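The lines below spell out each chain.
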Amino acid sequence: MRLLFVAGGTAGPLTPLLAVAEEVRRMDGSVDCQFVIDHGQSEKTLVETAGFGYSMHSSGKLRRYLSMWNVLDAFRLLFSFFSALRHLRILQPDVVVTAGSYNGVPYLWAAKTLGIHTAVHQQDVQLGLANRLVLRGANYTSVAFSPTLQIVSKLTKNAAKTGNPVRASILHGDAERARQVFQLSPNLPVLLVLGGSSGARGLNTLVAHSLEQLLDCCQIIHVFGKNATTTATHHQYHPVLFLTDELPDALAVATIVVTRAGVGTLSELSVLAKPTIIVPMPDTHQEANARYVASKQAAIALDQRFTQPQQFADAVLDLLNNSKHRAELQEHIRLLNDPSAAATLARQYLYLAHKA
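Model, not experiment: these values are computed from the prediction.

Chemist: Please give an account of the overall build of the protein chain that cites residues and values.
Modeler: Scanning the protein chain from N- to C-terminus turns up 15 helices and 13 strands. If one aligns the C-alpha atoms of the protein chain with their principal axes, the spans along those axes are about 60 × 45 × 35 Å. Per-residue burial for the protein chain yields a buried fraction of 55% across its 356 residues. If you take every contact in the protein chain between residues at least 6 apart in sequence, the share linking residues at least 24 apart comes to 62%. Surface exposure of the protein chain reaches about 15,800 Å², of which carbon and sulfur atoms provide 51%. The average position of the 31 basic charges and that of the 26 acidic charges among the side chains of the protein chain differ by 10 Å.

Chemist: Pulling in residues and values, what's your account of the packing of aromatic side chains?
Modeler: Per the stated rule, a full pass over the model turns up five aromatic pairs. Between F35 and F52 the ring centres are 5.5 Å apart and the planes differ by 50°, which places this aromatic pair in the tilted class. Residue F35 is found in strand β2 (residues 32-37), and its partner F52 is found in the loop between α2 (41-50) and β3 (53-56); the two are separated by 17 residues along the sequence. Of the two residues, F35 and F52, both sit in the buried class.

Chemist: Give a detailed account of the packing of helix α1 (residues 14-27) against α2, specifying residues and quantitative values.
Modeler: It is at 11 Å that the axes of α1 and α2 come closest, and there the two elements cross at 10°. Relative to α2, the element α1 is oriented roughly parallel. Residue-level inspection shows L14, T15, L18, E22 and R25 of α1 in contact with α2, the latter providing E43, L46, V47 and A50. Taken together, the residues of the contact of α1 with α2 break down into five nonpolar, one polar and three charged.

Chemist: I'd like to hear about the nonpolar core, residue by residue, with values.
Modeler: Note that soluble globular proteins tend to have their nonpolar side chains buried in a common cluster. Of all hydrophobic cores here, the largest spans 33 residues; its most connected members are F182, L192, I221 and L251. At the level of secondary structure, the elements contributing two or more residues to this core comprise α7 (175-182), β8 (190-194), β9 (219-223), α10 (247-253), α11 (263-272) and α12 (286-295). By residue number, the principal contributor to this core is α10, which donates four residues. Contacts of F182, omitting those with residues within four sequence positions, involve I221, H238, V240, L243, E246 and A250. Judged by nonpolar contacts, the second largest core, of 29 residues, contains A7, F52, V97 and A99.

Chemist: Help me get a handle on the pairing of strand β6 (residues 140-143), residues and values and all.
Modeler: Neither face of β6 is left uncovered, since the one carrying Y140 and S142 and the one carrying T141 and V143 both have all their residues buried. The pairing of strand β5 (residues 117-122) with β6 spans four bridges and is classified as parallel. The residue bridging H121 from the neighbouring strand is S142, located in β6. Sheet topology note: the β6/strand β7 (residues 159-161) ladder contains three bridges and is parallel.

Chemist: Please give an account of the state of the cysteines that cites residues and values.
Modeler: A full pass over the atoms with the stated rule returns zero disulfides. No disulfide involves C217; its nearest neighbouring cysteine sulfur is the one of C218, lying 6.7 Å away.

Chemist: With reference to specific residues and values, describe unusual backbone geometry.
Modeler: Here Q183, not a glycine, exhibits a phi torsion of approximately 55°, which is positive. Unlike most non-glycine residues, Q297 shows phi in positive territory, near 55°. Structurally, Q297 is set in the loop between α12 and β13 (300-301). For Q297, a relative accessible area of 53% corresponds to the exposed category.

Chemist: How would you explain the environment of M56 if you had to name every residue and give the values?
Modeler: Along the chain, M56 falls in strand β3. A relative accessible area of 34% means that M56 is categorised as partly exposed. Sequence separation of M56 and D38 is 18 residues, and the distance between their C-alpha atoms is 5.4 Å. Setting aside its immediate chain neighbours within four residues, M56 contacts I37, D38, H39 and K44.

Reading the values: the criteria
- Residues numbered from 1 in each chain as written.
- Predicted model: local features only at pLDDT ≥ 70, side-chain atom pairs only at ≥ 80, totals over all residues.
- Heavy atoms only, no water.
- Helix = DSSP H or I, 4+ residues; strand = E, 2+ residues; numbered from the N terminus.
- Buried < 20%, exposed > 50% of the residue type's maximum accessible area, 1.4 Å probe, protein only.
- Contact = heavy atoms within 4.5 Å.
- Areas by Shrake-Rupley, 256 points an atom, 1.4 Å probe, with all protein chains shown as cover.
- Lys, Arg positive; Asp, Glu negative; His and termini not counted.
- Charge placed at Lys NZ, Arg CZ, Asp CG, Glu CD.
- Phe/Tyr/Trp six-rings, centres within 6.5 Å; stacked < 30°, edge-to-face > 60°.
- Axes fitted to C-alpha atoms, helices over the stretch in contact; angles between N-to-C directions.
- Parallel < 35°, antiparallel > 145°, perpendicular 65-115°, else oblique.
- Nonpolar A, V, L, I, M, F, W, Y, C, P; charged D, E, K, R; others polar.
- Core = buried A, V, L, I, M, F, W, Y, C linked by side-chain atoms within 4.5 Å.
- Pairing = 2+ DSSP bridges.
- Disulfide = S-S within 2.5 Å.

What follows is the structure, encoded as structure tokens:
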């Protein structure tokens, strides 16, 4: 029995699929879980570290706006479809699963052409274009949030709210190990800034221009991403390009977390009940995620376009100094996600595979 998980583009669509694949492996070690990823090093590292086989594939980007690149990428998408057909004939999976990556579009179209069962997972509150193109023909669609289920249910009957899968390793972080790795003082709070695998220029700029105020009161672990650099030096400032094995420990030691509004990260912070400040990427689906989370009083949301470094620093320092507010955010963010989502989806995908 074989399940094929199709990701690609960023780590965002990959991490929930890894969580499900790990749960499938725990439930039935005889099932072969394979991945399709893009050519990014961060995705390759994540899959290799988890111990799964993978193939690399890059499809054309789908844009909702006019661009001359849309013409070229239309041909790339067509080529990707035939490439996916060839790959599926060789691999012969029982189920093909995607969580919103552009690679998922040609692969799920090809899977339906070959009569292979398909499943779609929608992480974000706002339904993405990639998933919108494939969920009508899917055998099963899962969503992370209730508002999304209302939208998806109009397009397909095979939809359910499951929450967003979180990898089990996230739950086993060691704060003391993080203090040793990052050389942290036990007497100062820790601010963890997650800029994402590709980096977050606007967020990184806010952090850089706020360091002087912040480092008077806390230590900072700053994940700045592959497309960014930082030149700041301070014994309480710890910049890192990307975190894999060390991420659970960094989350465990964090007093508060500043992050973009990717659902994968928000789901992990929910399970860990971490006080969180969200700075969504402007003019993207992340803004809908941030509005939803803020409406549940589960995090503080800042608009990058109108937030100055001093305002950013004030928000961080106010939260660090207000234990009551941190406790309230912890209580509410804990309710944001279902920690059993990975197991629920693993059982569902195994059920589809048995029906194949």
